[in-house]
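Chain by chain, the residues:
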Amino acid sequence: MNWDRVKEKLNILSDAAKYDVSCSSSGSKRPNKDKGLGDTTGMGICHSYTEDGRCISLLKILLTNFCIYDCAYCVSRRSNDIKRVAFTVEEVVDLTINFYRRNYIEGLFLSSGIFKNPDYTMERLVRVAKTLRTEHNFNGYIHLKTIPGASDDLMKEAGLYADRLSVNIEMPSEQALKKLAPEKNTSDIIRPMGYLSQAIVAAKEEKALIRSAPVFAPAGQSTQMVIGATPDTDRDIILKANSLYQDFKLKRVYYSGYVPISNDNRLPGLQSPIPFVREHRLYQADWLMRFYQFSAKEIVTDEQPQLDSDIDPKLGWALRNLHLFPIDINKADYEMILRVPGIGVNSAKKIISARLYERLGWEQLKKIGIAVNRARYFIFCKDARYNYIGLQATTIRQQILAGSESKYQQHLKSQLSLF
Ligand code: SF4
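Definitions and cut-offs
- Residues numbered from 1 in each chain as written.
- Predicted model: local features only at pLDDT ≥ 70, side-chain atom pairs only at ≥ 80, totals over all residues.
- Heavy atoms only, no water.
- Axes fitted to C-alpha atoms, helices over the stretch in contact; angles between N-to-C directions.
- Helix = DSSP H or I, 4+ residues; strand = E, 2+ residues; numbered from the N terminus.
- Parallel < 35°, antiparallel > 145°, perpendicular 65-115°, else oblique.
- Left-handed = near helix turned anticlockwise from the far one by under 90°.
- Contact = heavy atoms within 4.5 Å.
- Nonpolar A, V, L, I, M, F, W, Y, C, P; charged D, E, K, R; others polar.
- Phe/Tyr/Trp six-rings, centres within 6.5 Å; stacked < 30°, edge-to-face > 60°.
- Buried < 20%, exposed > 50% of the residue type's maximum accessible area, 1.4 Å probe, protein only.
- Lys NZ or Arg CZ within 6 Å of the ring centre and 35° of its normal.
- Near = heavy atom within 4 Å.
- pLDDT = per-residue confidence, 0-100.
- Expected span 1.5 Å × (residues − 1).
- Arc of directions from axis to C-beta.
- Polar contact = N/O pair within 3.5 Å; in protein donor to acceptor, adjacent residues only side chain to side chain.

(A) Geometry of the packing of helix α4 (residues 152–161) against helix α6 (residues 186–209). With their axes 10 Å apart at the nearest point, α4 and α6 run at an angle of 45° to one another. Looking at the two axes, α4 sits oblique to α6. Crossing handedness for the pair α4 and α6: right-handed. Listed contacts from α6 to Asp152, Met155 and Lys156 of α4 are Arg191, Pro192, Tyr195 and Leu196. Of the residues assigned to the contact of α4 with α6, the class counts are 4 nonpolar, no polar and 3 charged.

(B) Layout of the packing of aromatic side chains. In this structure the tally under the stated criterion is 9 aromatic pairs. Look at phenylalanine 99 and tyrosine 104: their rings are 5.3 Å apart centre to centre, the planes differ by 75°, and that puts the pair in the edge-to-face class. The class of tyrosine 104 is buried, set by a relative accessible area of 17%. Ring centres 5.0 Å apart and planes at 75° place the aromatic pair tyrosine 100 and phenylalanine 138 in the edge-to-face group. Placement of the pair is tyrosine 100 in helix α2 (residues 89–101) and phenylalanine 138 in the loop between α3 (118–135) and β5 (141–145), with a sequence separation of 38 residues. Here the aromatic cluster, defined as three or more aromatic residues joined through ring pairs, consists of Phe294, Trp317, Phe325, Tyr377 and Phe378. Stacked on the ring of phenylalanine 109, the Lys or Arg lysine 60 has its end atom at 5.7 Å from the ring centre. Positioned over the ring face of tyrosine 120 is arginine 124, at 3.7 Å from the centre of the ring.

(C) Looking closely at the site of the ligand. If you check the shell around the ligand, you find Cys67, Tyr69, Cys71, Cys74, Arg77, Gly113, Ile114, Glu170 and Lys184 and nothing else. Per-class residue counts for the shell around the ligand are 5 nonpolar, 1 polar and 3 charged.

(D) The side chain of threonine 96, seen in detail. Here threonine 96 lies in helix α2. Of the residues examined, threonine 96 reaches a relative accessible area of 0% and is grouped as buried. Discounting residues that sit within four places of it in the chain, threonine 96 has contacts with Leu59, Ile105, Leu108, Leu132 and Phe138.

(E) Geometry of the confidence of the model for the protein chain. Summing up the model confidence of the protein chain, the mean pLDDT is 88 and the portion of residues at 70 or higher is 87%. Per-element mean pLDDT across the protein chain ranges from 41 in strand β1 (residues 24–25) up to 98 in helix α12 (residues 345–354). Within the model, pLDDT remains below 50 along residues 24–33, and this stretch shows 18 contacts once partners closer than five positions in the same chain are excluded.

(F) Geometry of helix α1 (residues 3–17). The terminal C-alpha atoms of α1 lie 20 Å apart, and with 15 residues this matches the ideal 21 Å at 1.5 Å per residue to within 8%. All of the buried residues in α1 are Val6, Lys9, Leu10, Leu13, Ser14, Ala16 and Ala17. With its buried residues spanning 150° around the axis, α1 presents them on a single face. Turning to α1, the residues buried within the fold contact β3 (55–62) and α2. With a side-chain oxygen lying 3.1 Å from the backbone nitrogen of aspartate 4, the N-terminal cap of α1 falls on asparagine 2.

(G) View of the packing of α6 against helix α7 (residues 234–248). With their axes 9 Å apart at the nearest point, α6 and α7 run at an angle of 40° to one another. Relative to α7, α6 is oriented oblique. Within the contact between the two elements, α6 uses Ile190, Met193, Gly194 and Ser197 and α7 uses Leu244, Asp247 and Phe248. Considered class by class, the residues forming the contact of α6 with α7 number 4 nonpolar, 2 polar and 1 charged.

Written out as structure tokens, the structure is:
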């Protein structure tokens, strides 16, 4: 293998892969000097989380940045004048094995532009995973992007070798997809999601009955939506994500803020990337749907279709629903405690257990780990030290924001005092 040529491809194809946020890049560039230990190499190593919560490093690359499609928001689009390269299947396999042996990575995240047609490309992606598993006995993590429009047979084979599969939904609405990615169609994206969802459930059921049954994409499927390339509101995005979770039992929806890389007139003329805070609020809203039992329509309403960038969506919901508060922390049910700003899932569980033994006051609640500076506006407990009942939503909002501000200033001060 010509390593200089492979290194050049690695530079180009790991850089092109960075726009996929299904796992985030470490951004670290620390070379191995003086025969030291370890090397982050800076090329294509990113971190992701497995099902059991372990953080793992992955080689994140495209198989190729050639593409027959011309999606306006994508750096690999056909009309973009960039250097094109493609790995062979053997090169990706060798890179993965070599990086794995050197302890740089624990797995592979492989996506691709589309050369020739979806099946032609998908067949190569599957061959990488199959060769790693069957010829090299590779037991590391493999995440394969599936190619919209590829056949069910290839999806089925992919699921036998990959831990996770993902099909990118790309846009929150069909109109947006038609406008920005006219060669793609929603059914080519939705159909494989449906196929994978059924195959994952069927494989789990079979495995429960027959221990020797093959596993199929044991880490499930995920997707990604590009945010800010169209006028779709946060409400459109959250409702779409919610329907994907419900219809296809997705493990994750990732939100990728549009990075202006093209002056295509179908795109908004942005000079800078979508503010990070928009992505962040969307992830918080997503979290509320998955772990806090909120419905999408509670988080984003017809009247307020955009998430408030200054406060998190849980606080936003509580301020719109002040008539439901304050709650008695010693009596309220678990579902309602979960909805209190400043109380997370673990703290809510601890509150339920702790109050079996005693009535809780502020000191116990602090020890449990709740953020009293936020929660105190929405709960009462055995001692009446904080009494904020009766305050208007705007006042609570101002006070909480002022508190966060002064905390931030304190943090800044402590950082400055280090120098
Ligand atoms: S199909 Fe994928 S790689 Fe090709 S232009 Fe569209 S988003 Fe980019």
